[in-house]
Each structure stands twice: as structure tokens, then as C-alpha cells.
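# Examination of the molecular architecture
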Amino acid sequence: MNMKQIHYFLVVASEHQITSAAKLLYMEQPPLSYQIKQLEKELGTKLFIRKPHGLELTAAGESFRHYAAKIERLNLQAKEELTRTNDGTMGSLKIGIISSAAPQLNSPSIHQFTTYYPNVSFQVTDANTFKLLKQLKNGLLDLAIIRTPFNQQGLNTKNLASDQMTAVFNSKFYSLNEGVTLKELSQVPLIIYRRFESLLNDSFARHGIRPFYAVKCDDARTAINWADQGMGVAIVPERVAHLYSKQTIKTINYPAWQTKLVLAWSPNKNESPLLKRFIAAFSD
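This is a predicted model, so every value here is computed, not measured. (Residues numbered from 1 in each chain as written. Predicted model: local features only at pLDDT ≥ 70, side-chain atom pairs only at ≥ 80, totals over all residues. Heavy atoms only, no water.)

What follows deals with the nonpolar core. Membership of the largest hydrophobic core comes to 34 residues, with the highest contact counts inside it found for L185, L190, F204, V233, I235, I252 and W257. For this core, the secondary structure elements donating two or more residues are strand 7 (165-169), helix 7 (182-185), strand 8 (190-193), helix 8 (197-206), strand 9 (213-217), helix 9 (220-228), strand 10 (233-237) and helix 10 (238-244). If sequence neighbours within four positions are ignored, W257 has contacts with D163, M165, L182, L185, L199, L200, S203, F204, I235 and I252. Residues L93, I95, L132 and W265 belong to the second largest nonpolar core, which totals 31 residues. (Core = buried A, V, L, I, M, F, W, Y, C linked by side-chain atoms within 4.5 Å. Buried < 20%, exposed > 50% of the residue type's maximum accessible area, 1.4 Å probe, protein only. Helix = DSSP H or I, 4+ residues; strand = E, 2+ residues; numbered from the N terminus. Contact = heavy atoms within 4.5 Å.)

Written as C-alpha cells, this is what we have:
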């Protein structure tokens, strides 16, 4: 049984005549009759009975018509979905994202993408940059939105946004002016996100400053929470600070502490059209 035979059967069942069905199918009557007989032979039952006014479906034929129509409908649907998948207009993307990058998925360009391609679904993994990098390199993610610094070797990247570092603190306990200097930071207990420790150490050492790290942690949101409680001054990227802090935020006047949100994906000669479309949706 093949799709042609199923289609032929449905046309004959609709027309109740081999002659008119053959005309609709643009074929001769004998080949059409042969295909129907082959289908009956494979199914092991008669599908039609001949009446004075034409062909009528047997009980088995009526039952088979239900399944034949469903099979043909599913076949057309499968072809359509495969075409959409090949065109990059349908499918699923596995995306990794850090907490501070959530607004990137709410940008106008991404809303436009989901409007144009409503049949695209997303599987989102929330984690820190290094966990997402590991999953990306192991092929568990299609792409990830992560934060520099990280080793970009072996990855394709696209810059999305830049952040200056900020000082986050509770004004009941500390006072810092806008444009905070490294010297001012050396005079208050600091709360740092551990992944930036090497960057901070190098900068302080270059200026002969010995800071006091009151708290080291592995999540910028934790650093902000401790700062909000008055435990010290947290050093976190600007975007993270404005997303999660309820207290005072001051920009640190040190351009070398700039970080970037980056879209990253593994180079692959067989990149799916859907992945390419989604990457293109992010404006430089």
C-alpha cells in the first residue's frame, strides 16, 4: 500500500465510478482499476461492490475510508512541517540564558520573530555562564546568551549589549558618589561575584590597592541581596543591578571593567535554517 493507492481509493470512493475518478486523476481506467484491485489484495478484503448506478463502499471500505483520509491528511501535514523545518519557519530551539540576559528575549526583534514564526518553540535553560558554556560545547544547547569574560575559542559569538560595573549598596550603611573610583572601593567592604575576582584583583593590584572582600559568592543576585541587607558594597554589572537591586546603584568609573552580553553558538557546517533565522533576529 502506498500513498498513490490511498489517494486513488479516496477519489473513487468520492466519485462512485472508475470512469469519472480516472478523469479527475488524469489517467486511464485500466491502471486505476488495477491499483484498486492491488489495494484490496493487500488489505485482504473487498472495498467496493458494483451496483447498477456505480460503485458503493463495502462495510470494510467505509471503515478504510476513515483511515485513508486520516493517513492522507497526516502525510500532507508531515510534508508541510518538513518544508517549514527546512525553511527555518518551524521547529524547536534549545536556548541557554543567564539571569541578567532575560530582557534580551523580550526585545522587539524577538517579538517580531515569534510573530512571524508562531510554530517555533523554545526550550530554555537558566544557569550561569560557565554551566551554559559546558552544555553548549556538549551539544545540549543550540545557542546561549552569556556574559564576558569567558574563553571564546571554538565558538561563534555576536555581541548584544555592554555593561559597566556598578556599586550596589544600602545607603543606610554606606555612601558613595556617582562615578565611584577604585580608591573609594578600597575603603568599604566589598561583595563580589567570584567569576570577576581575577579581573578585580588585577585592576586593584595595578593601582597598588588592597581591597577587602567581605563576601565572595557564585551568583550576582546573591551579591546584590547581601548588599541590600547592608553587608557591604556589591560589584556587579549594571544590567544585573537594575534588575535585582532595591537599594542604591552607582556607576564605577573604570572602563576596563566593562562586560558584554554575548550570543554564542558552536560552529557547525549543518547549522539549521531555523537557528540561522533566530541569530539574524538579534540586531548588532
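Turning our eyes to something else, we now look at the packing of helix 1 (residues 3-15) against helix 3 (residues 29-43). At a minimum axis separation of 10 Å, helix 1 and helix 3 run at an interaxial angle of 110°. One finds that helix 1 runs roughly perpendicular with respect to helix 3. Seen from helix 1, the contacting residues are Q5, Y8, F9 and V12; seen from helix 3, they are L32, Q35, I36, Q38, L39 and E42. Tallied by class, residues from the contact of helix 1 with helix 3 come to six nonpolar, three polar and one charged. (Axes fitted to C-alpha atoms, helices over the stretch in contact; angles between N-to-C directions. Parallel < 35°, antiparallel > 145°, perpendicular 65-115°, else oblique. Nonpolar A, V, L, I, M, F, W, Y, C, P; charged D, E, K, R; others polar.)

As a further point, take the pairing of strand 1 (residues 48-51). In terms of strand pairing, strand 1 meets strand 2 (residues 54-57) through four bridges, oriented antiparallel. In the sheet register, I49 faces strand 2, and the bridge partner there is E56. In this antiparallel pair of consecutive strands, strand 1 and strand 2, the connection spans two residues. (Pairing = 2+ DSSP bridges.)

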